[in-house]
Amino acid sequence: MYRTHTCGELRIANENERVTLSGWVQRIRDKGGMIWVDLRDRYGVTQLMFDESKSDPQVVAKARELGREFVVQAQGTVLKRYSVNDKIPTGEIEIMVDSLNVLNASKLPPFMIENDTDGGDDLRMKYRYLDLRRENQREKLALRHRMMQETRRFLDAKEFMEVETPVLIKSTPEGARDFVVPSRTNKGEFYALPQSPQTFKQLLMVSGFDRYFQIVKCFRDEDLRADRQPEFTQIDCEMSFVEQEDILNTFEGMTKHLFKTVRGVELTEDFERMEYADAMKFYGSDKPDLRFGMPFVEINDLAKGKDFKIFDSAELIVGIKVDGCGNYTRKQLDALTKFMQTPQIGAKGLVHVKCNEDGSFKSSIDKFFSQEDLKAWAEKFGAKAGDLLLVMSGHTDTVRKQLCELRLKMGSDLGLRDPNTFKPLWVMNFPLLEWDEESQRYHAMHHPFTSPKVEDMPMLDTDPGAVRANAYDLVINGVEIGGGSIRIHDREMQQLMFKHLGFSEEEAKAQFGFLMEAFEYGAPPHGGIAFGFDRICSLFGGSDSIRDYIAFPKNNSGRDVMIDAPSAVDNTQLEELSIRVEVKED
C-alpha cells in the first residue's frame, strides 16, 4: 500500500510503530550528517529524518536528490522528536526513514507552496492546482465542504427535498445578461444557462414538492468584482403553504445552525428587522453594516435659510456623528474630504463640526452658522463634547449613497468593523418596481414573480413606484447573503405584473406562458429564498473575495487563465452551429 497513515495523524502514542507515508516534499534541511524532510499531504505535515550514521547510505543519497514538490513514499519508525514543534499537530514525533521511493519528480514550482507565498494573484491563478496545495487554501475549501454538508443536514431534517433543475433553459429578457448556448440540432436557436432556477422551483411547488432545495450553479454575464463571478453557487430554496414569517423563521434557523456548526459562533438573539425605507434613510444602503452605529441624521429644518447656498439649494442635508473624534486635525479632515471627492464617490465637499470639550463648536462653515445654530445641530445628533459631526448635502439618493461610503470608511478607520463580530439583519418590504431611465419603464427590483403587498395593490395603476413587495434580504455585516420573496401564484395577478413591466400579452406568453398555464392547475401559495453560497463562505472565512473559496475561479476579466478560457472555437464546430464570426480589422 502507498500509506498506512496520513501526514497529519501520527502522534506520540504511535512511538516505535513502523509506518508508511506518501506525500509531497515541502522543505528539505541538509545539515551534513542529518537530513530532515517535511512531507505534506492534504491532512498535514510530518517530519522525516535521515541519519548518515544509522540509515542505509543509498536511502540517504536518495534523500539528497529530492526537490521541492517531489511525490515520495517513505517507510520507517515513529520516534519521539528531540526538538518539539508545537506549531503543528505532529510536532512531537518524526519518522526515522529506512526506505524511500520517489513516485514522481517535480519541476521547481513557480512560487513557494507556503501560506506566506511569494506568488502574486495572477501567477497563482495560472497554477491554481499548485496554489490549492497550500494549507490556507485547503482550509478554505474544507470550510466550503462543511458548509455544504451542514446546509444539507439542516434542510433534510426540516423535510426539504433536494431536486436538480435543468442547466440548459430558455433565455429571458429580465435581469442580468444570459450566457447563451447555440443548439446544433435546432438551427438558429439557443439555450441559456440559468441565472437561477426560479421558474423551475415554482413549478415544483405546483407539482406538490412543498419543500425544495438545491445547492446549484448559476450563471450571469455581468461585470465582475471581488464578490462576483460569472458562475456562482446558490443555496436555492422554496416552500409551499407559507407566509413571509414562516420563511424568515426557517432560514434564520438555518443561518444560526451554520454559524454554530461551521464557525463555532452561537447567535442567540432574534435577527433584527428593518424596513427598506428605513435602511435607506438611516444608512444609505439596503445592506447596512450594523456592527457600529453612526445612523444618518437629517437636518434640513436646521440648516436651510442661513444664506449658505450649497445647503439652501440641496434636496437633503444629512450627516453622521462620530464619537470621540472631535480632536481630528486639519490634515485628517482634509484627507476625509479628498476621499469623498474621489471619482468613485463624487462628492463636491464635506462639512465638519467639532464639538469642543469647553462646550463651544468649531466648523468649516462658521461664517454662516452661529454657535447657537451649531448647538442645535449637536442636540439633534445627540452629540457630546469631543464628538465630530460630518455633514453632506445634495440630491437625496446621491447624498445618501455618498454618506454611506463615508460611514463605512469611518467604521473601518476606527476599528469598528470587527470580522469576528456578526450582526445579522432582515431588510424587509423592498419596492416592487424601480424606474429605469435608459429604457424609460419600470423593472422588477427582484424578479417579475414577486408578489406585491396586498394593501399597496391599488397603487399599481396610480403610483407603481410606491408599491412595496413581499420581499426580504438577509444581510450580515453589510453583505447581502440571501434574498427572496413570497411569489405570485395566481395567473391573473402574474399577467397584471407583466403588464406593468411593459410586456405585451404575446411577449408574456412567449416568455412565461408555461408558468402561467401551470398556475391554472392549482398552484399553492409559496415563497422562497436563495443564498449566495460563495459569499457566505467568504464571510465565514473572514475574506472580502469569494475567489479563494472556489476551487477554480475566473479572474476579474472572466477568464480562466489556467486553462485559457474562453477561447476560439474550431470553424467546423461553428459551421455545425450555423454561426459565422466576422472579425473587423481596426
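Named according to an unreviewed UniProt entry, the protein is Aspartate--tRNA ligase originating from Fulvitalea axinellae. The UniProt entry for the protein carries the following comment under Subcellular location (unreviewed entry): "Cytoplasm". Taken verbatim from the UniProt record of the protein, the Catalytic activity (unreviewed entry) comment is "tRNA(Asp) + L-aspartate + ATP = L-aspartyl-tRNA(Asp) + AMP + diphosphate".

Asks: How would you summarise the packing of helix α10 (residues 330-340) against helix α12 (residues 396-413) if you had to cite specific residues and measurements?
Replies: Relative orientation of the contacting elements α10 and α12 amounts to 135 degrees, with a least axis distance of 10 Å. The pairing of α10 with α12 is recorded here as oblique in orientation. The two elements α10 and α12 cross, and the hand of that crossing is right-handed. Contacts between α10 and α12 involve Leu336, Phe339 and Met340 from the former and Gln402, Glu405, Leu406, Lys409 and Met410 from the latter. When the residues that make up the contact of α10 with α12 are grouped by side-chain class, the tally is five nonpolar, one polar and two charged.

Asks: So what's going on with the sheet that holds strand β2 (residues 34-41)? Which residues, and what values?
Replies: Within the closed barrel, the five strands sit side by side as β1-β2-β3-β5-β4. Their pairing is mixed. Looking at each pair of strands side by side, their axes are set apart by 55 degrees on average, direction ignored. Where strand β1 (residues 18-30) meets strand β4 (residues 71-80), seven bridges bridge the pair, whose relative direction is antiparallel. Its bridge partner lying in β4, Thr20 is registered against Gln75.

Asks: Account for α10, with residues named and values stated.
Replies: Considered for burial, the residues of α10 that qualify are Leu333, Leu336, Thr337 and Met340. On an axial view of α10, the arc spanned by its buried residues comes to 100 degrees, and they lie on one face. In α10, the exposed positions angled more than 90 degrees off the buried face are occupied by Lys331 and Lys338. As for α10, its buried residues are in contact with β14 (351-355), β16 (388-394) and α12.

Asks: I'd like to hear about the state of the cysteines, residue by residue, with values.
Replies: Going through the model one piece at a time under the given rule, you end up with zero disulfides. Free cysteine Cys404: the closest other cysteine sulfur is in Cys325, separated by 18 Å. For Cys404, a relative accessible area of 10% gives the class buried. Distance from the sulfur of Cys537, which forms no disulfide, to the nearest cysteine sulfur (Cys237) is 14 Å.

Asks: I'd love a proper account of the UniProt feature "binding site: L-aspartate" (unreviewed entry) in the protein, names of residues and values included.
Replies: The feature "binding site: L-aspartate" (unreviewed entry), as given by UniProt, occupies Glu174, Arg220, His446 and Arg487 in the numbering adopted here. With a relative accessible area of 26%, Arg220 lands in the partly exposed category.

Asks: Describe in detail the pattern of salt bridges, supporting the description with residues and values.
Replies: Summed over all chains, the structure comprises 42 salt bridges. Glu238 is the salt-bridge partner of Arg487, the closest N and O atoms lying 2.9 Å from each other. Of this pair, Arg487 sits in the loop between β21 (479-486) and α14 (491-500) while Glu238 sits in strand β10 (residues 231-240), and the two are 249 residues apart along the sequence. Across the pair, Glu238 and Arg487 agree in class, each one buried. Across the pair Lys321 and Asp323 runs a salt bridge, and its minimum N-O distance is 2.6 Å.

Asks: Before we move on, can you summarise the packing of α14 against helix α15 (residues 505-518) with the specific residues and values?
Replies: It is at 10 Å that the axes of α14 and α15 come closest, and there the two elements cross at 160 degrees. Between α14 and α15, the interaxial angle falls into the category roughly antiparallel. Seen from above, α14 lies across α15 with right-handed handedness. Counting all contacts with α14, which are made through Arg491, Gln494, Gln495 and Phe498, the residues of α15 involved are Ala508, Phe512, Met516 and Glu517. For the contact of α14 with α15, the class distribution of residues is four nonpolar, two polar and two charged.

Calculation criteria
Residues numbered from 1 in each chain as written. Predicted model: local features only at pLDDT ≥ 70, side-chain atom pairs only at ≥ 80, totals over all residues. Heavy atoms only, no water. UniProt positions renumbered as here; feature names shortened; annotations may be inferred. Axes fitted to C-alpha atoms, helices over the stretch in contact; angles between N-to-C directions. Helix = DSSP H or I, 4+ residues; strand = E, 2+ residues; numbered from the N terminus. Parallel < 35°, antiparallel > 145°, perpendicular 65-115°, else oblique. Left-handed = near helix turned anticlockwise from the far one by under 90°. Contact = heavy atoms within 4.5 Å. Nonpolar A, V, L, I, M, F, W, Y, C, P; charged D, E, K, R; others polar. Pairing = 2+ DSSP bridges. Buried < 20%, exposed > 50% of the residue type's maximum accessible area, 1.4 Å probe, protein only. Arc of directions from axis to C-beta. Disulfide = S-S within 2.5 Å. Salt bridge = Lys/Arg side-chain N within 4 Å of Asp/Glu carboxyl O.

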